[in-house]
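Breakdown of the fold
Single-letter residue listing:
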Amino acid sequence: SEHSVLKEFERQKAVERKSFGPTLEETLDYRRNPDAVWLATDMTDTALNKTEVLTAASYQVAELAAPITWSEGDEVKNPTENQKVALVKSLIENAINTHDDMIEQALFGTVTNKMLGFQNVLPDTGLGNPGGIDAATELWWQNYFGTFAADGSDIEAALSTAFITASKGSGSGLRPTLLFSGPGPYGLYNASLQTLQRFTSSKEADAGYEQLAFMTAKFVYSQYGGTRIYGINPKSFRLVISKDANRKLLEKVQIPTKVAWNRKVYTACQLVTNNKSRGFVLVQGV
């Protein structure tokens, strides 16, 4: 797989590597100061209440392991001096590619053994409780959700409404910068555009290859994406990976009772958001 969404996450700095604790905490500046007031006079009293405008979302750490196992016989049959394939090296490269493939696949799904997907973070109802915050109660945590027609006839209008709603203002620095979906919605959007609308910059157009964009956001697709279109800003949505366990290649260990060996590629990570209302999801209708 090309891992197109993961690559764009990296390009837009939506992948953050840092040291982990028992959980991942995201500080949220979730509301205006409730005691701010227009002064009636220059001596109007102001409140002395404790200012409480911050809270936190808490996420569990998800773990991914890609094991590789080979026998001593494999090495004997593939000696270094005349080997056609560097056996262990090839197994490790395959494990890393498998690892990246599984992360990209998980991003489009629901919870996979603690790993969140965008169906949890940006649910079709706008509700959900990623980070332990219930959007049914905390309305500021709700994300925009909508639909677009199966024939794509209203896809640009649907995207416009979603994009503008998530932006919350034309000068917003948190407006979506990345849209992603499966091949179906991507193809519908592509077919709806004129040639010069397809590019994010004149350089990309001059290069002679297709780079789809919507407004100021880049649009990519993945083989694992379904019929949903997601829109995010990397300041609000990130794939957080442990800098101490990022594709970490564990030690080679002999398997007890066998003349064989095992190593693992290991990563600790999680998909997090500190402002769910800044993203959107569009679901394909009938």
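Residues numbered from 1 in each chain as written. Predicted model: local features only at pLDDT ≥ 70, side-chain atom pairs only at ≥ 80, totals over all residues. Heavy atoms only, no water.

1. Details of the layout of surface pockets
This is how the line gets drawn: Buriedness for pockets is judged along seven lines, at least five of which must meet protein on both sides within 12 Å for an open set on the 1 Å grid over protein atoms alone, while cavities are sets there where a 1.4 Å probe fits but cannot get out, and lining residues have an atom within 4 Å of a point. Grid points are joined across faces, edges and corners, and a volume is the space filled by probe spheres set on the points. Secondary structure elements are taken from DSSP: a helix is a run of H or I of four residues or more, a strand is a run of E of two residues or more, and numbering for both begins at the N terminus. Put simply, Ala, Val, Leu, Ile, Met, Phe, Trp, Tyr, Cys and Pro go in the nonpolar bin, Asp, Glu, Lys and Arg in the charged bin, and everything else, Gly too, in the polar bin.
Approximately 210 Å³ is the volume attributed to the second largest pocket. Lining the second largest pocket we find Ala62, Glu63, Leu64, Met102, Ile103, Gln105, Ala106, Thr112, Asn113, Met115 and Cys269. At the level of elements, β4 (62–71) and α3 (87–107) are the ones that each hand at least two residues to the lining of the second largest pocket. No other element matches the 4 residues that α3 contributes to the lining of the second largest pocket. The class makeup of the residues in the lining of the second largest pocket is 7 nonpolar, 3 polar and 1 charged.

2. Comments concerning the pattern of salt bridges
Cut-off, in case you're wondering: Salt bridge criterion: a side-chain nitrogen from Lys or Arg within 4 Å of a carboxyl oxygen from Asp or Glu. A simple rule labels every residue: compare its accessible area, found with a 1.4 Å probe on the protein chains alone, to the largest value its type can have, and call it buried under 20%, exposed over 50%, or partly exposed in between.
Scanning the model with the defined rule gives 9 salt bridges in all. Between Arg11 and Glu8 there is a salt bridge whose closest N-O contact spans 2.8 Å. Pair noted here: Arg11 and Glu8 are both in helix α1 (residues 4–11), with a separation of 3 residues, about one helical turn. Residue Glu8 is classed as buried on the basis of its relative accessible area of 5%. When the shortest N-O distance is used, the salt bridge between Lys18 and Glu26 registers 4.0 Å. We classify Glu26 as buried; its relative accessible area is 6%. What you see here is one network of salt bridges that share partners, running through Glu16, Lys18, Glu26 and Arg238.

3. Section: the pairing of strand β6 (residues 178–181)
A regular strand places its side chains on the two faces of the sheet in alternate fashion. Under the convention used in this document: One bridge is not enough; two strands pair if DSSP finds at least two bridges between them.
The side-chain alternation of β6 yields two buried faces, one formed by Leu178 and Phe180 and the other by Leu179 and Ser181. Direction of pairing for β6 relative to strand β8 (residues 217–221): parallel, over a ladder of 4 bridges. Along β8, the bridge assignment pairs Leu179 with Phe219. The pairing of β6 with strand β9 (residues 228–232) spans 4 bridges and is classified as antiparallel. Pairing of Phe180 across the sheet is with Tyr230, part of β9.

4. Examining α3
Heads up, the condition is: A helix is expected to span 1.5 Å multiplied by its residue count minus one. Contact between two residues is taken to exist if any of their heavy atoms lie within 4.5 Å; hydrogens are not considered.
The first and last C-alpha atoms of α3 sit 31 Å apart over 21 residues, in line with the 30 Å expected at 1.5 Å per residue. Among the residues of α3, Ile92, Ala95, His99, Asp100, Asp101, Ile103, Glu104, Ala106 and Leu107 are the ones counted as buried. In this structure, the buried residues of α3 make contact with α1, β4, α4 (118–121), β10 (237–242), β11 (248–249) and β13 (260–273).

5. Overview of the side chain of Gln270
As a reminder of what qualifies: Each polar contact in these results corresponds to two N or O atoms within 3.5 Å; when the atoms are within protein, one needs to be able to donate a hydrogen and the other to accept it, and residues that are neighboring in sequence are counted only if both atoms are side-chain atoms.
Examined against the element boundaries, Gln270 turns out to sit in strand β13. Taking the relative accessible area as the measure of exposure, Gln270 reaches 1% and is therefore buried. From its side chain, Gln270 meets the backbone oxygen of Gln60 in a polar contact 2.9 Å long. In this structure the side chain of Gln270 is engaged in a polar contact, spanning 2.9 Å, whose partner is the backbone nitrogen of Leu116. Contacts of Gln270, omitting those with residues within four sequence positions, involve Leu24, Tyr59, Gln60, Ala62, Lys114, Met115, Leu116, Arg238, Leu239 and Val240.

6. Observations regarding the sheet that holds strand β7 (residues 213–214)
Heads up, the condition is: An axis is simply a line fitted to the C-alpha atoms; with a helix, the fit covers only the stretch in contact. Between two such axes, the angle follows the N-to-C directions and lies from 0 to 180 degrees.
The strand order β5-β14-β9-β6-β8-β7 describes an open sheet built from 6 strands, whose pairing is mixed. Of all the strands in the sheet, just β5 (144–148) and β7 have a single pairing partner and so form its edges. In the packing of helix α5 (residues 155–167) onto the sheet, contacts are made with β5, β6, β7, β8, β9 and β14 (280–284), and the angle to β14 comes to roughly 160 degrees. Sitting on the sheet, helix α6 (residues 183–191) is in contact with β5, β6, β7, β8, β9 and β14, with an inclination near 130 degrees to β8.

7. Some remarks on the packing of aromatic side chains
Note the threshold: Stacked, tilted and edge-to-face pairs are distinguished by plane angle, under 30 degrees for stacked and over 60 for edge-to-face with tilted covering the rest, among Phe, Tyr and Trp rings (Trp via its six-membered ring) whose centres lie within 6.5 Å.
Applying the stated criterion to the full structure yields 13 aromatic pairs. Taking 5.8 Å as the distance between ring centres and 65 degrees as the angle between the ring planes, the aromatic pair formed by Phe163 and Phe214 counts as edge-to-face. Here Phe163, found in helix α5, pairs with Phe214, found in strand β7; they are 51 residues apart in sequence, far enough to count as distant. Phe214 matches Phe163 in its accessibility class, with the two residues each being buried.

8. Concerning unusual backbone geometry
The residue Lys13 is not glycine, and still its phi comes out positive at about 60 degrees. Among the secondary structure elements, Lys13 is positioned in the loop between α1 and β1 (15–18). Positive phi outside glycine occurs at Asn113, with the angle close to 45 degrees. Its place among the elements puts Asn113 in the loop between α3 and α4.

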